[in-house]
Amino acid sequence: MHVQSKRIAITGAAGNIAYQAIFRIAAGEFLGSQQPVALNLIDIHPAMPSLGGTAMELEDCAFPLLRDVVLSDDLEVGFAEVDYVFMFGARPRGKGMERSDLLQENGKIFGPQGQAINQVASRDVRVLVIGNPANTNALIAAHHAPDLEPSQFSAMTRLDHERARSQLAMQTGNPVAEVTRMILWGNHSPQMHPDISYCSVAGTPARELVEADWYRDTFIPMIQQRGARVIEARGASSAASAANAAILHMRDWVLGTPANDWTSMSVWSDGTYGVAEDLIFSFPCRCENSAHQIVGDLELDDFGRERLKENEAELLAERDAVRELLS
Ligand code: NAD
Ligand code: LMR
């Protein structure tokens with residue numbers, strides 16, 4: 001039976017994260033071992049020679065599922081009829097910077113890209129923004145795509161979600177696969193709120209397995225600052241783990257979350273949990289057939305509610321700071 005290829009655009013394709021993602025996507029780790037793929041690799045003009053080297057390596061891998069590779073610095077070529085978009089293309093922060101310091105410089109990238117996606121991508125396209133500050137960049141892109149639904153745009157907090165699962169598994173001495181129903185609320189920033197209130201470890205509520213002091217004073221700051229610690233250690237921001245999280249985010253969105261679990265995705269806020277609308281905010285989400293649904297019926301304690309408010313305030317301030325980039 002002939003299966004039509006799915007076309008996947010990757011921006012910042014000559015950058016570090018993309019180099020960790022492209023080969024895994026071409027090997028079938030995003031859409032599975034039966035789905036042929038075509039890759040549209042997008043970067044700025046000076047990066048084209050380097051991207052040519054990536055294209056040569058893709059040929060040299062002879063991936064059975066890879067049917068076509070397009071290299072382009074032209075957004076209308078790069079996004080033409082694409083089904084899925086990974087937006088890595090943006091500057092990373094260096095040591096001592098906050099992600100929000102990148103807002104003005106990186107924010108400018110996402111208006112034209114949102115506009116081009118609006119014009120030429122598949123009407124069912126699903127977009128993931130990784131470039132920082134990811135939540136507000138995704139908001140800018142969504143605002144420039146009035147013919148698409150805002151729910152077709154998302155930003156990545158899945159890396160933080162996996163960081164949290166992994167640390168909890170290590171603290172409790174369990175395999176990470178036993179950690180379910182983690183929640184990462186809010187913004188991909190130091191305010192993010194990793195919440196174990198509904199988390200289960202090998203069937204036991206996580207809160208019964210760890211001390212409240214460890215949760216508040218060690219775990220939460222560790223997850224909030226993990227990106228900065230990786231930058232200090234590597235001299236460069238996370239790349240392989242970011243690529244991994246991007247593939248997991250898109251795979252779950254398209255193919256579905258496991259029956260007894262959810263994931264964390266930064267998606268368009270529709271007012272659930274009292275979060276202001278028109279923000280890209282990280283919520284627990286269940287996915288099926290390329291549609292996500294916010295898990296909207298969880299009770300929050302005062303501590304959790306305060307953390308959500310802090311994240312909302314930060315994202316509202318980011319949105320105000322880029323007002324002129326939103327239209
Ligand atoms: P990098 O500098 O290695 O690569 C960035 C690439 O983007 C470069 O090839 C650059 O030429 C390209 N680029 C710049 N402007 C572009 C444009 N207008 N169109 C297309 N391409 C463009 O950076 P990296 O390490 O790959 O990181 C990329 C981004 O991802 C950074 O903003 C980083 O902070 C962010 N990041 C986010 C997360 C997350 O969890 N959300 C995790 C890790 C990194
Ligand atoms: C991360 O969380 O690793 C990325 O957002 C990179 C960074 O700037 O921290």
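Since this is a predicted model, take the numbers as computed values, not measurements.

Trainee: Could you clarify how one ought to interpret the pattern of salt bridges in this entry?
Mentor: Opposite charge on two side chains permits them to pair, given that their charged atoms come into close proximity. In total, this model carries 16 salt bridges according to the counting rule given. Two residues, arginine 165 and glutamate 162, come together in a salt bridge whose shortest N-O distance is 2.7 Å. Separated by three residues within a single helix, arginine 165 and glutamate 162 lie in helix H6 (residues 158–172), roughly one turn from each other. This pair shows no difference in class: arginine 165 is buried, exactly as glutamate 162 is. A salt bridge links glutamate 310 to arginine 307; the nearest nitrogen and oxygen atoms lie 2.9 Å apart. One end of the pair is glutamate 310 and the other is arginine 307, both in helix H9 (residues 302–321) and three residues apart, which spans about a single turn. The exposure class of glutamate 310 is partly exposed, given its relative accessible area of 32%. Taken together, the shared-partner salt bridges connect Arg158, Glu162, Arg165 and Asp252 into one network.

Trainee: Just checking my understanding: could you explain the site of ligand 2 for this structure?
Mentor: Ligand 2 sits among Arg93, Arg99, Asn132, Leu159, Arg163, His188, Gly227, Ile231, Ser237 and Ser238. A distance of 2.6 Å is found between an oxygen atom of ligand 2 and a side-chain nitrogen or oxygen belonging to histidine 188. Considering ligand 2 on its own, with 260 Å² of exposed area, one finds that the protein chains cover 94% of that surface. When contributions to the shell around ligand 2 are tallied by element, the ones reaching two or more residues are H6 and helix H7 (212–234).

Trainee: Just checking my understanding: could you explain the site of ligand 1 for this structure?
Mentor: If you check the shell around ligand 1, you find 23 residues, and the closest are Asn16, Asp43, Arg91, Ile130 and Asn132. A distance of 2.8 Å separates an oxygen atom of ligand 1 from a polar backbone atom of asparagine 16. Side-chain polar atom of aspartate 43 to an oxygen atom of ligand 1: 2.6 Å apart, as the coordinates give it. Protein contact buries 86% of the 870 Å² of open area that ligand 1 shows by itself. Of all the elements in the fold, those that place two or more residues in the shell around ligand 1 are helix H1 (16–26) and helix H4 (103–120). Grouping the amino acids of the shell around ligand 1 by side-chain chemistry returns 11 nonpolar, 10 polar and two charged. In this structure, the shell around ligand 1 is formed jointly by two domains, domain 1 (6–155) and domain 2 (158–321), each of which donates at least three residues.

Trainee: Got a minute to help me understand the nonpolar core in this structure?
Mentor: One recurring pattern in soluble globular proteins is that nonpolar side chains are buried together. In terms of nonpolar packing, the biggest core is built from 53 residues, with Ile8, Ile10, Phe30, Leu39 and Phe86 touching the most fellow members. Per element, the largest residue contribution to this core is eight residues, and it comes from helix H8 (residues 240–255). Two domains each donate at least three residues to this core, and these are domain 1 (6–155) and domain 2 (158–321). When sequence neighbours within four positions are dropped, the list of residues in contact with phenylalanine 86 reads Ile8, Ala9, Ile10, Thr11, Ile25, Phe30, Leu128, Ile130, Ala246, Ile247 and Met250. Core analysis: the next-biggest nonpolar cluster, separate from the first, contains 28 residues, Met87, Ala134, Ala145 and Leu325 among them.

Trainee: Explain the pairing of strand S1 (residues 6–11) to me, please; I cannot follow it from the model alone.
Mentor: Note on strand geometry: in a regular strand, side chains alternate between the two faces of the sheet. With six bridges connecting them, S1 and strand S2 (residues 37–42) associate as parallel partners. Bridge pairing in S2 links isoleucine 10 to leucine 41. In this fold, the crossover linking S1 to S2 by way of H1 has right-handed handedness. Both S1 and strand S4 (residues 84–87) contribute to a ladder of four bridges, which runs parallel. What sits directly across from isoleucine 10, in S4, is phenylalanine 86.

Trainee: Please explain the sheet that holds S1 as it appears in this structure.
Mentor: What holds strands together in a sheet is hydrogen bonding between their backbones, with the strands either parallel or antiparallel. On the basis of which strands lie adjacent, the open sheet formed by nine strands has the order S3-S2-S1-S4-S5-S6-S12-S13-S14 and mixed pairing. Strands at the two margins of the open sheet, each flanked by one partner only, are strand S3 (66–72) and strand S14 (291–294). Taking the axes of each pair of neighbouring strands and ignoring which way they run, one obtains an average angle of 30° across the sheet. Contacts from H1 reach S1, S2, S3 and S4, with the element oriented near 165° to S2.

Procedures and definitions
Residues numbered from 1 in each chain as written. Chains lettered and ligands numbered in written order. Predicted model: local features only at pLDDT ≥ 70, side-chain atom pairs only at ≥ 80, totals over all residues. Heavy atoms only, no water. Salt bridge = Lys/Arg side-chain N within 4 Å of Asp/Glu carboxyl O. Helix = DSSP H or I, 4+ residues; strand = E, 2+ residues; numbered from the N terminus. Buried < 20%, exposed > 50% of the residue type's maximum accessible area, 1.4 Å probe, protein only. Near = heavy atom within 4 Å. Polar contact = N/O pair within 3.5 Å; in protein donor to acceptor, adjacent residues only side chain to side chain. Areas by Shrake-Rupley, 256 points an atom, 1.4 Å probe, with all protein chains shown as cover. Nonpolar A, V, L, I, M, F, W, Y, C, P; charged D, E, K, R; others polar. Domains from an automatic or database assignment. Core = buried A, V, L, I, M, F, W, Y, C linked by side-chain atoms within 4.5 Å. Contact = heavy atoms within 4.5 Å. Pairing = 2+ DSSP bridges. Right-handed = clockwise from strand over helix to strand, strands pointing away. Axes fitted to C-alpha atoms, helices over the stretch in contact; angles between N-to-C directions.

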